[in-house]
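What follows is the residue order along each chain.
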Amino acid sequence: MAAAESKLWYLEQINIFRDLGPEDLDRVDKISSMKTLEKGKFIYFPEEPSKVVFLLKSGRVKIGTYSEEGKEITKAILEPGEIFGELAIAGQEKRQDFAQVLDNNVKICAIHKEEMLKILESMPRLNLKITHLIGVRLQKMERRFESLIFKDARDRIVDFIRDLVLNKGKKVGFEYAVKHKLTHQDMANLTATSRQTVTIVLNELREQGILDFDRRSIIVHEMDDLK
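Reading guide: rules and limits
- Residues numbered from 1 in each chain as written.
- Predicted model: local features only at pLDDT ≥ 70, side-chain atom pairs only at ≥ 80, totals over all residues.
- Heavy atoms only, no water.
- Phe/Tyr/Trp six-rings, centres within 6.5 Å; stacked < 30°, edge-to-face > 60°.
- Helix = DSSP H or I, 4+ residues; strand = E, 2+ residues; numbered from the N terminus.
- Buried < 20%, exposed > 50% of the residue type's maximum accessible area, 1.4 Å probe, protein only.
- Lys NZ or Arg CZ within 6 Å of the ring centre and 35° of its normal.
- 1 Å grid on protein atoms, 1.4 Å probe; cavity = no way out; pocket = protein on both sides within 12 Å on 5 of 7 lines; lining within 4 Å.
- Points joined across faces, edges and corners; volume = space filled by probe spheres on them.
- Nonpolar A, V, L, I, M, F, W, Y, C, P; charged D, E, K, R; others polar.
- Pairing = 2+ DSSP bridges.
- Axes fitted to C-alpha atoms, helices over the stretch in contact; angles between N-to-C directions.

Q: Please provide a residue-by-residue account of the packing of aromatic side chains, values included.
A: Using the criterion set out here, one finds six aromatic pairs in the structure. Between the aromatic rings of F42 and F98, the centroid separation amounts to 5.6 Å while the plane-to-plane angle is 70°, which identifies the pairing as edge-to-face. In this pair, F42 sits in strand β2 (residues 42-44) while F98 sits in strand β7 (residues 98-101), placing the two residues 56 residues apart along the sequence. Overall, the relative accessible area of 0% leaves F98 in the buried class. Measuring from centroid to centroid gives 5.3 Å for F54 and F84, while their planes differ by 20°, and the two rings are stacked. Of this pair, F54 sits in strand β3 (residues 52-58) while F84 is found in strand β6 (residues 83-84), placing the two residues 30 residues apart along the sequence. This pair shows no difference in class: F54 is buried, exactly as F84 is. Three or more aromatic residues joined by ring pairs form one cluster here, namely F42, F45, Y66 and F98. The positively charged end of R95 is found above the aromatic ring belonging to Y44, 4.2 Å away from the centroid.

In structure tokens:
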């Protein structure tokens, strides 16, 4: 597969581009540049100028920030097909978060925000998708902050599992199943709890017959019981 073909194939896998025709994809291809990064590499840091929008083609990327005390806070762990740094096209002048590569050979696509804005101006449907995506992510962050304030550790973990299954899982009969690459430490970071607490809660839910899990999947037997 030639480099150009490979790049176009990856662009087709990006969630917001899946409805675009060949001509529109070719336009995006021409203004984007593909990079391969290794585990641990930072893509951007807080306070850096927001000049580029990124598309995650393969591997995982962590989005996080730092508290006033310097503690790292994980906001999201992104998987292939997702866009990040998108607030650059919503008027953000400086990054508020950092983006860090979690796996080896992670492929990302970079598009300068000015070029992205031109694309969005000429593609109303794509513009609407981006606007919706930004709105949904802001709502998720608001719910998460409310959860941190008003809910205890167990409830935060249960909420996280339910959202993970509903957003990324599949319904199989009366059950829901989701495959993932999250460790218990990842889940702890995303719920502001500890790895030990995540393990305890998952084991309790399994003992109660509510779900089963292994290192790479979770099966919820009855969603109404996941409370």
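Q: Break down the layout of surface pockets for me, with residues and values.
A: The space that makes up the largest pocket amounts to roughly 1,600 Å³. If you trace the largest pocket, you find 48 residues lining it, with K75, A76, R137, K140 and M141 closest to the centre. Listed by contribution, the elements that provide at least two residues to the lining of the largest pocket are β5 (72-78), β6, α4 (124-150), α5 (153-168) and α6 (184-191). Ranked by residues supplied to the lining of the largest pocket, first place goes to α4 with 13 residues. Of the residues assigned to the lining of the largest pocket, the class counts are 21 nonpolar, 10 polar and 17 charged.

Q: Could you give an account of the sheet that holds β2, with specific residues and numbers?
A: Spatially, four strands are ordered β2-β7-β4-β5 in an open sheet, and the strand pairing comes out antiparallel. The open sheet has two edge strands with one neighbour each: β2 and β5. Taken over all neighbouring pairs, the strand axes of this sheet differ in orientation by 30° on average, direction set aside.

Q: Could you give an account of the sheet that holds strand β12 (residues 217-220), with specific residues and numbers?
A: As summarised here, the arrangement of the four strands in space is β9-β10-β12-β11, forming an open sheet in which the pairing is antiparallel. The sheet is open, and its two edges are formed by β9 (170-172) and β11 (211-213), each paired on a single side. On average, adjacent strands in this sheet sit at an angle of 20° to one another, irrespective of strand direction. Summarising the sheet, β9 and strand β10 (residues 175-179) pair through three bridges and their orientation is antiparallel. Within β10, the residue paired with K170 across the bridge is A177.

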